[in-house]
4 protein chains.
Amino acid sequence: MTTLQNPASSVDFDSPEHQAKLADLYRDFDAVGMTPLWRTREGLMPFHPEPRAVPHLWRWAELYPLAARSADLVPVGRGGERRAIGLGNPGLPGDPYATPTLWAAIQYLAPRENAPEHRHTQSAFRFVLEGEGVWTVVDGDPVAMRRGDLLLTPGWAFHGHQNVSDTPMAWLDGLDIPLVAGTDQGFFEFGPDVVRDAGTPHRSRNERLWGGPGLTPVSAAGQPRPSSPLMAYRWAPTDAALAAQLELEDEGHPGVVEAGHAAVRFTNPTTGGDALTTMRTEMHRLRGDTTTRKTRTTASSVWQVFSGGGTVVLDGMERSLEHGDVFVVPSWCEFSLQAEGDLDLFTFSDAPVFEKLSLLRTEVTG
Amino acid sequence: MTTLQNPASSVDFDSPEHQAKLADLYRDFDAVGMTPLWRTREGLMPFHPEPRAVPHLWRWAELYPLAARSADLVPVGRGGERRAIGLGNPGLPGDPYATPTLWAAIQYLAPRENAPEHRHTQSAFRFVLEGEGVWTVVDGDPVAMRRGDLLLTPGWAFHGHQNVSDTPMAWLDGLDIPLVAGTDQGFFEFGPDVVRDAGTPHRSRNERLWGGPGLTPVSAAGQPRPSSPLMAYRWAPTDAALAAQLELEDEGHPGVVEAGHAAVRFTNPTTGGDALTTMRTEMHRLRGDTTTRKTRTTASSVWQVFSGGGTVVLDGMERSLEHGDVFVVPSWCEFSLQAEGDLDLFTFSDAPVFEKLSLLRTEVTG
Amino acid sequence: MTTLQNPASSVDFDSPEHQAKLADLYRDFDAVGMTPLWRTREGLMPFHPEPRAVPHLWRWAELYPLAARSADLVPVGRGGERRAIGLGNPGLPGDPYATPTLWAAIQYLAPRENAPEHRHTQSAFRFVLEGEGVWTVVDGDPVAMRRGDLLLTPGWAFHGHQNVSDTPMAWLDGLDIPLVAGTDQGFFEFGPDVVRDAGTPHRSRNERLWGGPGLTPVSAAGQPRPSSPLMAYRWAPTDAALAAQLELEDEGHPGVVEAGHAAVRFTNPTTGGDALTTMRTEMHRLRGDTTTRKTRTTASSVWQVFSGGGTVVLDGMERSLEHGDVFVVPSWCEFSLQAEGDLDLFTFSDAPVFEKLSLLRTEVTG
Amino acid sequence: MTTLQNPASSVDFDSPEHQAKLADLYRDFDAVGMTPLWRTREGLMPFHPEPRAVPHLWRWAELYPLAARSADLVPVGRGGERRAIGLGNPGLPGDPYATPTLWAAIQYLAPRENAPEHRHTQSAFRFVLEGEGVWTVVDGDPVAMRRGDLLLTPGWAFHGHQNVSDTPMAWLDGLDIPLVAGTDQGFFEFGPDVVRDAGTPHRSRNERLWGGPGLTPVSAAGQPRPSSPLMAYRWAPTDAALAAQLELEDEGHPGVVEAGHAAVRFTNPTTGGDALTTMRTEMHRLRGDTTTRKTRTTASSVWQVFSGGGTVVLDGMERSLEHGDVFVVPSWCEFSLQAEGDLDLFTFSDAPVFEKLSLLRTEVTG
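Section: the nonpolar core
Nonpolar side chains in soluble globular proteins generally cluster together in the buried interior.
Working step 1: In this structure, Phe125(B), Met283(B), Phe346(B), Phe348(B) and Met34(C) are the most contacted members of the largest nonpolar core, which totals 70 residues.
Working step 2: The residues contacting Phe346(B), other than those within four sequence positions of it, are Phe125(B), Phe127(B), Leu150(B), Leu172(B), Phe266(B), Thr281(B), Glu282(B), Met283(B), Val302(B), Trp303(B) and Gln304(B).

Regarding the arrangement of the chains
Working step 1: Taking C-alpha atoms as the reference, chain A and chain C come no closer than 15 Å and do not contact one another.
Working step 2: A gap remains between chain B and chain D, which never touch, and the nearest two C-alpha atoms on either side lie 15 Å apart.

Considering the sheet that holds strand β21 (residues 326-329) of chain A
Working step 1: Strand order in the open sheet formed by 7 strands is β2(A)-β21(A)-β18(A)-β23(A)-β16(A)-β15(A)-β13(B), with antiparallel pairing between adjacent strands. Looking at which strands have only one partner, the edges of the open sheet turn out to be β2 (56-58) of chain A together with β13 (215-217) of chain B. Averaged over all pairs of adjacent strands, the angle between strand axes in this sheet comes to 25 degrees, irrespective of strand direction.
Working step 2: Looking at chain direction, strand β15 (residues 261-266) of chain A and β13(B) are connected through 3 bridges and run antiparallel. Within the sheet, the bridge partner assigned to Phe266(A) lies in β13(B) and is Leu215(B).
Working step 3: Of the strands in this sheet, β15, β16 (280-286), β18 (301-307) and β23 (343-349) of chain A together with β13 of chain B are in contact with helix α6 (residues 235-250) of chain A, which crosses β15(A) at around 145 degrees.

Here we look at the relation of the copies chain C and chain B
Working step 1: The two copies are related by a screw operation: chain C maps onto chain B through 180 degrees of rotation and 0.0 Å of translation along the axis, at an RMSD of 0.0 Å. The two molecules are tied by a two-fold rotation axis, judged by turn and shift. Of the C-alpha atoms belonging to chain C, the one lying closest to the rotation axis is found on Lys356(C), 3.3 Å away.

As for the confidence of the model for chain A
Close inspection of predicted coordinates is inappropriate for parts of the model with low pLDDT.
Residues and elements named next belong to chain A.
Working step 1: On average, residues of chain A score 95 in pLDDT, and 97% of them are at 70 or above.
Working step 2: Per-residue pLDDT stays below 50 along residues 1-8; that stretch engages in 25 contacts with residues further than four places along the chain or on separate chains.
Working step 3: Here the predicted complex carries an ipTM of 0.95, next to a pTM of 0.96.

So, the interface of chain D and chain C
Working step 1: Each partner contributes to the interface: chain D provides 39 residues, whereas chain C provides 39 residues.
Working step 2: Both faces combined, the contact of chain D with chain C buries some 3100 Å², and carbon together with sulfur accounts for 61% of it.
Working step 3: Contact with chain C buries area across many residues of chain D, yet Arg208(D), Leu215(D) and Val218(D) alone supply 21% of it, more than any other trio.
Working step 4: Put simply, chain D and chain C have 4 salt bridges between them.
Working step 5: The salt bridge partner of Glu247(C) is Arg208(D), with a shortest N-O separation of 3.4 Å.
Working step 6: Secondary-structure elements contributing two or more residues to the side of chain D that touches chain C are α5 (205-210), β13 (215-217), α6 (235-251) and β15 (261-266) of chain D.

Comments concerning the pairing of strand β6 (residues 124-127) of chain C
Residues and elements named next belong to chain C.
Working step 1: Side chains Ala124 and Arg126 of β6 all project onto a buried face; the interleaved residues Phe125 and Phe127 project onto the opposite face, where all are buried too.
Working step 2: As judged from the 4 bridges shared by β6 and strand β9 (residues 150-153), these two strands associate in the antiparallel manner. Considered in β9, the bridge of phenylalanine 125 is made with leucine 152.
Working step 3: Where β6 and strand β11 (residues 169-175) come together, 4 bridges link them in antiparallel fashion. Directly across from phenylalanine 125, in β11, lies its bridge partner glycine 174.

Calculation rules
- Residues numbered from 1 in each chain as written.
- Chains lettered and ligands numbered in written order.
- Predicted model: local features only at pLDDT ≥ 70, side-chain atom pairs only at ≥ 80, totals over all residues.
- Heavy atoms only, no water.
- Core = buried A, V, L, I, M, F, W, Y, C linked by side-chain atoms within 4.5 Å.
- Buried < 20%, exposed > 50% of the residue type's maximum accessible area, 1.4 Å probe, protein only.
- Contact = heavy atoms within 4.5 Å.
- Pairing = 2+ DSSP bridges.
- Helix = DSSP H or I, 4+ residues; strand = E, 2+ residues; numbered from the N terminus.
- Axes fitted to C-alpha atoms, helices over the stretch in contact; angles between N-to-C directions.
- Least-squares fit on C-alpha atoms with pLDDT ≥ 70 in both.
- pLDDT = per-residue confidence, 0-100.
- Buried area = accessible area lost by both parts, 1.4 Å probe.
- Salt bridge = Lys/Arg side-chain N within 4 Å of Asp/Glu carboxyl O.

What follows is the structure in structure tokens.
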């Protein structure tokens, strides 16, 4: 056993002489870009996550009219690329970011409008709250967008959108823009100004190849892909799966996440993992009068009310939920939902990132 | 560089004296169970696979009446367990094995009959050529069996069958019995004498939970399983996927295995791998007049004609194919199919075993 | 709830008429190669593994002199390829197999002898009980063989051996010949008649590249291989690792398998898995007076006493262990070791095969 | 083919009226935290990474004296925790970050000093440029720190340091603090004020268990870990591996990354992957007069000259390299090294993060 002793222990740290020397040192540190950990440790390494992002809720009743107004004033075209309006977390001023890793936006396409093709390393999806008439063309494959559908645009896939109907359509866009921007991983490239295949098939080619449960084309078998080859997760099977979980609960069989709470995750059939490499996407359904356990996780997430109403409690802050409302759950924020009647919500999060890095923590708090 | 020299090189190996010494040595080897490699190498380690199993074809028109006859003479019950009759490869006399790893059988259940529950470490499936009215109950979950369906019984899952109809039903059973028997990996256990759940639901519980494309219950997500949690692969989506591949070919898009040849693999949605741990299961469809490339692989396989007719060529031996016919392709046997009209075939093989052991080889030979 | 009933239930099964019909049926079955499961189920699907292979022990004191005698009578050369004498399990007559999956042999190389190069899909290794002076040349890389070393020959790597010394050398060869032969996966090819690199370096090239703990050449990083790129596991680090486990036990820290029982597994640095795709290789050390727990597993294994002595109990059969003795533990055989003084044993098994197929079972029985 | 048309196409966008409406819209967006993508796209989604972090080099000759001065003025103890001074990239003012994901610091421990135990989810390592006499105690296991060694502190492992010598010691610390801080994944916990085991063994317990090449304790086998169980990568084997690669190049065998350029990656023996979950660590050696290919990658990295000298070119900026110098290579910065005499460099990067997320891109540019 060695006796340890700090050499500086006999110094009078409060003396003016010492303080002057310290000030000199810190000035010299500064000159070469050095920053002492002992002056920054608490900020850099808190005892638990202390996100700048705050819990926040946007009303669909406010968002949608603003998006619609912009359609009269701003064209969609090359350069701006999309009539998408990002939801900026009040805790992250300056950045139009929902959380430090996630971007959420309303995208609005007026009748007969077209959004040009491009591609980027950022992963993206669209979730359709209401409406139809738009096809998103992913790597040349036109994919219909309809109420309740989740449509993927994996990283580096070309994509554009066209509205072939006489009514406008709006939806939720989710991307990992903040993660990719903050870590300098982004590439972007323009494609054709108009979608390369203006077809409007009921079922896209990727769905015809990959849309059967547990069915893999032999020509593509045994080749895991980082993101799903299936670009459309349709509302009908999602709805049926959620309904089935609750019915199985009534029949005394497993399936639900917790009492009265059904949920499905959208997954990549070539691996069984998340449909996108950096974002988890799920649909949740609560029976009327169900309250979920209070939980918190280091993943941050964004939720949208698909149908029904209720209440969300975020670190004790209670907010009512109405059709289309979007809210953010920052890292380590205590979270619970309460349904009035049946309540369906779509959600996406950055959980896959932190699972892959062995950083994700989740706990039930109440 | 060292000069090498065999010490025995000056010996006269043909001398009677030497031969006598050798005979002595071999006798002494034998006494302690020693066998010289130099006398057995060619048999043990051939230049390429030289399977004892031979290409062989059984006619459904012969198999089915025999199975039906047995129903009048032999009851189904505890001990014998199943009215299943194994197809023995003529090259493997004594063992009722289709190949060194695969067991294939016709199982026949008379009207109102019941096959008692049991479980075993062997993986199993049923493929339904025709008929309906039977439910197989897998770990307490009744699964309807209908024409064109593939039904799984993963290793160690309890299972029994019941025919609730007034007509008999027969199907193809596939198991890895020879592999498990030959390597001493088998366990077997009796369950209830009658299936534990006599329900006859249209859709089993596992299908309700896992039957949506790319949809994973959140309560089970992130937990890969060695075999599929989905126990039924229904004919309708299989048929649609095969049809879509051929339509996509007509439209100029990828999907088929080769010209005029569509195929889907039944996969485990929790991993994207094969539905069963030891057996690959697939459905193939050839357009009329299509001839497949000649290939050979070290996997052995069994095929059944589901619909249509044509010809199979196995190491040059040509056989016509008719409804329900079953044939065996041994390891390294050159194999090609020719369709007359549309030809649908179900197949299973031991390929996953040798993929996992880095032993599988496949080549196109013509 | 449906009432189930076997249609044949009213038949008098013992009547001569019925027996005659049955005999007819079985004859007809036989004619087309059909075998009823109900007459074979117990043999094909036993309640637990009932291996034909039996526990068996060979005395090194018997094996070595026989191997030496063969050197005077049989040359090593093209065709026979190796002076290797396989140990045939008495329960597997006709096949020179230690277990249904494993081949174990003594290989003997006389002074200045050379064993020609060949390659095969079978995985192989050499374990050196005693002696030195031989280099095994694996894919052109000469690897010294010395006491206590494990030397790998992964599947399809060319290899030959040369003895550059004036003394003979014998060692234990292990291969997966029975597994590969029984499943028709074997390919074999001749190489040069004399090893292509007659160098005798102290350290082989693969050791120079891969022999540092946790050090991966950047030029090969991120590319998992099915078997180890490190071909030699030297006695010195193996010995040190075993010694360290026992010392850590004395110091109150984890490391040993159980009290007084140290063991290391030879692993593939590119994956952390077993060094060979189909065979597990390990070195075990028991302190004097240690008795291991009784266990049984569905893997079969072969063991060789490297140093020290003691006792092995195999399904209740007790045998003394002496220097170099080789014994076989069949599937599901209860197994325990007892050390007199310190006891070191090398072992190999087929466990990786059944782990990958989710078939492996192991239990502690006492 | 549908004709597409932007509804706003007939609007006069430059009219004052339109501009006023737009201003109103943007004010209303702002009020609810909405930000239009069309005004921010180029910044959020550049055509290629445009890092704020800049290439930068710090001279060891400047850093070390400043670190030494701080030892006279600032004690090491609870709260500040470490006498570590972070190197702040000039492009990232305000944050003491080397890159958006990596933190690099000089840590200095005076004679007989002790740095208290703590743990955090951030992964960490120490690389020792010179000196010895300090033991870092990781989860209770004292690990000697000596010249050329890499010492790991995986996430959530308790660790403290003690200098038992009469000379100070300084080293390079690397952590993923910016990544963890920016994504709100950090947890931190204090441990004992003095290291819990003041022993000074030559070899730590983890080295005794895991330090043999390809040797895995059977008690821990078959259990992949997210980070390495081996906490110390010693200079002697690293040096030998680098020397061997260059010797093999001279002998005409593969091993080096490119002509004259040897490199080893520090890896996790339980998986073959990177030693730490979020950071890649490597040691590089260039022969005298070697110039490496110009490359760029989306990973950002920090390098330290371990011995020798030369030149680094970062996006065309050329800087001389001297003993101990530290430099930063931001994402997508073109990078090349030139050695005068032999040149050894240690480096760490965030590459594993982006490999796991399928975002990493690397290209050779010259």
